[in-house]
Amino acid sequence: LIGTLMLATLSGCGKKKETVFITGADDLVGKKIGVQEGTTGDIYASDIENVKMSRFKKGVDAAIDLKNGKIDAVILDEQPAKKIVANNKDLVILEEEFSLEDYAIAVAKGNEELLNAINEVIAEVKSNGTYQQFLDAYIPEDGEVVIPKHEPTSFSENIIMGTNAEFEPFEYREGEEIVGLDIELALEIANQLEKNLKVEDMNFDSLISALTSGKV
């Protein structure tokens with residue numbers, strides 16, 4: 001789900017100041033917009049008339065420029081946007097949505113074994129309530145995130161997941177560990193395949209090339 005961060009900006013000098021709000025997509029025409037490079041937010045922003053684009057490797061870096069008045073708005077995914085706003089009370093999320101979109105797991109063409117395993121695990125965890133447990137852990141109604149604990153596995157083979165650990169609560173760093181809802185799902189897939197899960201954190205716009213080259 002795509003959301004947009006909005007910050008009230010002040011213009012003028014001395015005691016006379018005017019508060020200017022961005023209230024929706026129509027107000028973004030000709031504005032300075034920050035996006036995370038390679039994301040759908042990047043694509044949407046590129047289609048806005050007379051847009052002045054700033055691309056960042058991390059969504060939080062775009063939010064910093066937003067706070068500092070260097071850009072007018074940021075377009076990024078809803079859940080990461082909520083996490084950023086929770087830590088920055090001078091930022092808000094617009095009620096108007098750019099797009100409802102599906103998240104997906106990419107695998108190399110021809111890797112039917114992995115594709116089938118992924119589809120089976122997704123169907124299973126949705127039907128037996130496990131996926132709801134993931135949601136309750138990382139997107140709880142009371143706001144209290146409880147990260148599940150896992151014992152290390154010792155299978156003879158690994159499965160390598162490529163991700164950009166900048167999308168809390170889906171994947172993010174908690175100390176030295178990468179955690180998140182997507183990581184929980186990947187662990188379920190790895191366990192079904194009897195493989196150890198290894199997570200490779202990289203820039204978002206490097207993920208597809210890492211997949212097609214066999215790095216992940």
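Further up the page is the structure itself.
Scoring rules and cut-offs
Residues numbered from 1 in each chain as written. Predicted model: local features only at pLDDT ≥ 70, side-chain atom pairs only at ≥ 80, totals over all residues. Heavy atoms only, no water. Helix = DSSP H or I, 4+ residues; strand = E, 2+ residues; numbered from the N terminus. Patch = residues over 30% accessible without salt bridge, like charges linked within 9 Å, V, L, I, M, F, W, Y side chains within 5 Å. Areas by Shrake-Rupley, 256 points an atom, 1.4 Å probe, with all protein chains shown as cover. Salt bridge = Lys/Arg side-chain N within 4 Å of Asp/Glu carboxyl O. Lys, Arg positive; Asp, Glu negative; His and termini not counted. Charge placed at Lys NZ, Arg CZ, Asp CG, Glu CD. Buried < 20%, exposed > 50% of the residue type's maximum accessible area, 1.4 Å probe, protein only. Pairing = 2+ DSSP bridges. Axes fitted to C-alpha atoms, helices over the stretch in contact; angles between N-to-C directions. Parallel < 35°, antiparallel > 145°, perpendicular 65-115°, else oblique. Left-handed = near helix turned anticlockwise from the far one by under 90°. Contact = heavy atoms within 4.5 Å. Nonpolar A, V, L, I, M, F, W, Y, C, P; charged D, E, K, R; others polar.

Trainee: Tell me what's going on with unusual backbone geometry, and back it up with residues and numbers.
Mentor: Residue Pro169 follows Glu168 across a cis peptide bond; omega there is 15°. Note that Pro169 resides in the loop between strand S9 (166–167) and strand S10 (171–174). Notably, Asn50 is not glycine yet its phi reads approximately 55°, a positive angle. Within the secondary structure, Asn50 is located in the loop between helix H1 (40–46) and strand S5 (52–56). You will see that Glu194, though not glycine, has its phi angle at about 55°, which is positive. In this structure, Glu194 sits in the loop between helix H6 (181–192) and strand S12 (196–201).

Trainee: Before we move on, could you go through a negative patch on the surface and cite the residues and values that matter?
Mentor: On the surface, a cluster of negative charge is made up of Asp136, Glu141, Asp142 and Glu144. One can find Glu141 in the loop between helix H5 (130–138) and strand S8 (158–163). A relative accessible area of 86% means that Glu141 is categorised as exposed.

Trainee: Can you tell me about the sheet that holds S9, naming the residues and giving the values?
Mentor: Strand-to-strand pairing in sheets goes through backbone hydrogen bonds, with the strands running parallel or antiparallel. Across the sheet, which stays open at both edges, the three strands sit in the order S9-S10-S11 with antiparallel pairing between neighbours. Lying at the two open borders of the sheet, with one neighbouring strand each, are S9 and strand S11 (177–179). The sheet contact formed by S9 and S10 spans two bridges and is antiparallel. Residue pairing across strands places Glu166 opposite Tyr172, the latter belonging to S10.

Trainee: Which residues make up the environment of Glu151, and what values do they have?
Mentor: On the secondary structure map, Glu151 appears in the loop between H5 and S8. Taking C-alpha positions, Glu151 is 31 Å from Asp77, a pair spaced 74 residues apart along the chain.

Trainee: Go over the packing of helix H4 (residues 112–127) against H6 with me, naming the residues and quoting the values.
Mentor: Interaxial distance between H4 and H6 falls to 9 Å at its minimum, and their mutual angle equals 120°. Between H4 and H6, the angle falls in the class oblique. Between H4 and H6 lies a crossing whose hand is right-handed. For the pair H4 and H6, the contacting residues are Leu114, Ala117, Ile118, Glu120, Val121, Ile122, Glu124 and Val125 in the first and Leu185, Glu188, Ile189 and Gln192 in the second. Considering only residue class, the contact of H4 with H6 consists of eight nonpolar, one polar and three charged.

Don't take any of this as a statement about function, it's just geometry.
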